[in-house]
Amino acid sequence: MATLVQQPAVMECTGWDSYRLLDSGGGRKYESFGDHSFIRPEPQAMWQPRLDDWPASGEFIPGSDEDGGGRWSLEPSVPEDGWELSWNDVRFTALPTPFRHLQFFPDMSVVWDWMRGQLAGREDAETLNMFGYTGLGSLALSDHGKVTHVDASKKSVAQARENAALSGMGDRPIRWLVDDAAKFTAREVRRERRYDGIILDPPKFGRGPKNETWRLEDSLPALVSDCAKLLDEKSAFLFLTVYAVRMSSLSIAGLLNEALSGLPGKIEHGDLAVREEGAGAEDNGRLLPTAIFARWSNPGKGRRCMTHNDSLILEVADFEVDVLTGIYSEETGKPQPLRFTIQVRYDVEDRYDPDTPLDASKNYMDIKFAASEGLPKGVHFKLIEAVGDHICETLFAQDVRVQAVTVKIVKLAIAEANEKIGITLHRERPTG
Ligand SMILES: C[S@@+](CC[C@H](N)C(=O)[O-])C[C@H]1O[C@@H](n2cnc3c(N)ncnc32)[C@H](O)[C@@H]1O
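Bear in mind that the values here come from a model prediction, so they are computed numbers and not experimental data.

## Considerations on the environment of Pro430
Working step 1: Structurally, Pro430 is set in the segment after strand S22 (421-428).
Working step 2: Among the residues examined, Pro430 registers 10 C-beta atoms within 10 Å and is labelled exposed.
Working step 3: Separated by 382 residues in sequence, Pro430 and Gln48 place their C-alpha atoms 48 Å apart.

## With respect to the site of the ligand
Working step 1: Residues in contact with the ligand amount to 23 residues; listed here are only the nearest, Phe131, Tyr133, Ala152, Asp201 and Gly206.
Working step 2: When residues of the shell around the ligand are traced back to their parent elements, those giving at least two are helix H2 (136-141), strand S11 (145-151) and strand S14 (205-207).
Working step 3: When its residues are assigned to classes, the shell around the ligand shows eleven nonpolar, seven polar and five charged.

## A short note on unusual backbone geometry
Working step 1: Phi is positive for Arg100, which is not a glycine, with a value near 85°.
Working step 2: A count of 16 C-beta atoms within 10 Å places Arg100 in the partly exposed class.
Working step 3: Within the chain, Asp318 stands out as a residue other than glycine whose phi angle is a positive 55°.
Working step 4: Relative to the helices and strands, Asp318 is located in strand S19 (residues 312-323).
Working step 5: A count of 9 C-beta atoms within 10 Å places Asp318 in the exposed class.

## Topic: the nonpolar core
Working step 1: Ranked by size, the top nonpolar core spans 79 residues in total, and within it Met115, Ile198, Leu238, Leu240 and Leu256 carry the most contacts.
Working step 2: Looking at which element gives the most residues to this core, the answer is strand S18 (residues 287-297), with six residues.
Working step 3: Apart from residues lying up to four places away in sequence, Ile198 is in contact with Thr127, Leu128, Met130, Cys227, Leu230, Leu231 and Leu238.
Working step 4: Membership of the second largest hydrophobic core comes to 18 residues, among which are Val344, Ile367, Ala371 and Ile384.

## Here we look at the sheet that holds strand S4 (residues 28-33)
Working step 1: Spatially, the five strands line up as an open sheet ordered S3-S4-S5-S6-S7, and their pairing is mixed. On the outer flanks of this sheet lie strand S3 (20-25) and strand S7 (70-74), each paired with one strand and no other. When strand polarity is set aside, the average angle formed by the axes of neighbouring strands in this sheet is 20°.
Working step 2: The pairing of S3 with S4 spans five bridges and is classified as antiparallel. Within S4, the residue paired with Gly25 across the bridge is Arg28.

## Re helix H9 (residues 384-398)
Working step 1: Over its 15 residues, H9 extends 21 Å from the first C-alpha to the last, a length consistent with the 21 Å expected when each residue adds 1.5 Å.
Working step 2: Within the sequence span of H9, burial applies to Ile384, Val387, Gly388, Ile391, Cys392, Thr394 and Leu395. Seen along its axis, H9 keeps its buried residues to an arc of 160°; they face one direction.
Working step 3: Residues of H9 that are buried sit in contact with S19, helix H7 (326-332), strand S20 (336-346), helix H8 (364-370), strand S21 (402-411) and S22.

## A closer look at the packing of helix H5 (residues 216-229) against helix H6 (residues 249-259)
Working step 1: The contact between H5 and H6 brings their axes to 9 Å, and the two run at 40°. In terms of orientation, H5 and H6 fall into the oblique class. Crossing angle aside, the handedness with which H5 passes H6 is right-handed. Contacts between H5 and H6 involve Leu220, Pro221, Val224, Ser225 and Ala228 from the former and Leu255, Leu256 and Ala259 from the latter.

## A look at the sheet that holds S21
Working step 1: Pairing within the open sheet is antiparallel, and its four strands lie in the order S19-S20-S21-S22. On the outer flanks of this sheet lie S19 and S22, each paired with one strand and no other. Going from strand to strand, the sheet's axes swing by 15° on average, the running direction of each strand aside.
Working step 2: By the bridge criterion, eight bridges tie S21 to S22 in an arrangement that is antiparallel. If you follow Lys411 over to S22, its bridge partner there is Ile421.

## Comments concerning the packing of helix H4 (residues 181-190) against H5
Working step 1: Running from N to C, H4 and H5 point in directions that differ by 30°, and their axes come no closer than 9 Å. Relative to H5, the element H4 lies roughly parallel. For the pair H4 and H5, the crossing hand works out as left-handed. From H4, Ala181, Ala182, Thr185, Ala186 and Val189 reach across to H5, where they touch Ser219, Ala222, Leu223, Asp226, Cys227 and Lys229.
Working step 2: A per-class count over the contact of H4 with H5 returns seven nonpolar, two polar and two charged.

Parameters at a glance
Residues numbered from 1 in each chain as written. Predicted model: local features only at pLDDT ≥ 70, side-chain atom pairs only at ≥ 80, totals over all residues. Helix = DSSP H or I, 4+ residues; strand = E, 2+ residues; numbered from the N terminus. Buried ≥ 20, exposed ≤ 12 C-beta atoms within 10 Å, placed from the backbone. Near = placed C-beta within 6 Å. Nonpolar A, V, L, I, M, F, W, Y, C, P; charged D, E, K, R; others polar. Core = buried A, V, L, I, M, F, W, Y, C linked by C-beta atoms within 7 Å. Contact = placed C-beta atoms within 7 Å. Pairing = 2+ DSSP bridges. Axes fitted to C-alpha atoms, helices over the stretch in contact; angles between N-to-C directions. Expected span 1.5 Å × (residues − 1). Arc of directions from axis to C-beta. Parallel < 35°, antiparallel > 145°, perpendicular 65-115°, else oblique. Left-handed = near helix turned anticlockwise from the far one by under 90°.

Put into structure tokens, the structure is as follows:
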């Protein structure tokens, strides 16, 4: 039975080239994100700042209510599309968001290190990153094997994929899923899946892709209980963080202790905190708490075999569409009849059960759309290659799960004796 270590611990995040906590105090913090420094609200910094001056590229001015609202005041030097930062081999785009942060949570770096430590020496692990946001944790875990990344926000998952491409990790075995954390976990329990490690970084309040409500105090116990069913005596860890909620780490450790009572290993808990490292902090940089955590680790972990290496292709074959293209359209002024066969390779689930929902599949109408209404009206494509190119790009933009597209086009108007003249364009989703 897992042992609960009662004494709380501090997991300390120290800065790195792309991130440092330079100072804090007076309800604010002063941090560097590569070449840019910012000031953000920080209610836990009740002490006085050490430095007299905080020269910054921007500041987040909070709204009047405690829970949100407010706006950034940014210098023109801050790139509108963000800028590249890195953590070890993971590269990603930093960008100030309306939610006060910069598209990543730097204090989590100590957790990424810890998880990597739990999987040291392994390349066959299967891990689950729930509420994975822009994917830094998933990319860190992907050094050790397959990762399932779940987040409710399509935009965040798309950003996570972009970070993967930026890191040169576009071909890592990561399943990027837009899904509701609770529903996905419940499905995995029904499929009797097992993971070597799970990380849960839930918000206080959130919404699933179908508007499912996530309210931490109400939803966490069931989620933790389901996650426990995805672990066994061979698993290595579960890591849970909670922030912006009035709750003690002892309480979330108690929750893990109950859910994981049947497993070996130990449960620890405490604060995640960032160490100040700016000028003048050399001897006594203060520790700024950012979240509470509870974690389960199992030193007796064993290896688990990976079983799946599937791929899945949706095909719509031999459908005809008239398109303004080629010499035919140039000479006649009319659209040319083309016959399309389109294949889309997309992310495959590990299993398809009788109750796997429709949205785990891709709609064939998306393919027909890309080759008809998805083509711009009135535009003459000189080459049918350009038609194929447009269709590929539409399908990639439409759905982050699409990994590759093959478009076969046959020109029906120019055949003399039923021969089939045309092209086949195959494109993999760009990785960089
Ligand atoms: C605090 S962020 C996670 C940060 C991330 N672990 C990291 O280190 O970068 C919370 C994430 O939870 C997602 N989310 C909110 N409600 C959700 C739900 N019901 N199911 C899945 N994800 C949800 C949000 O889209 C957001 O990306």
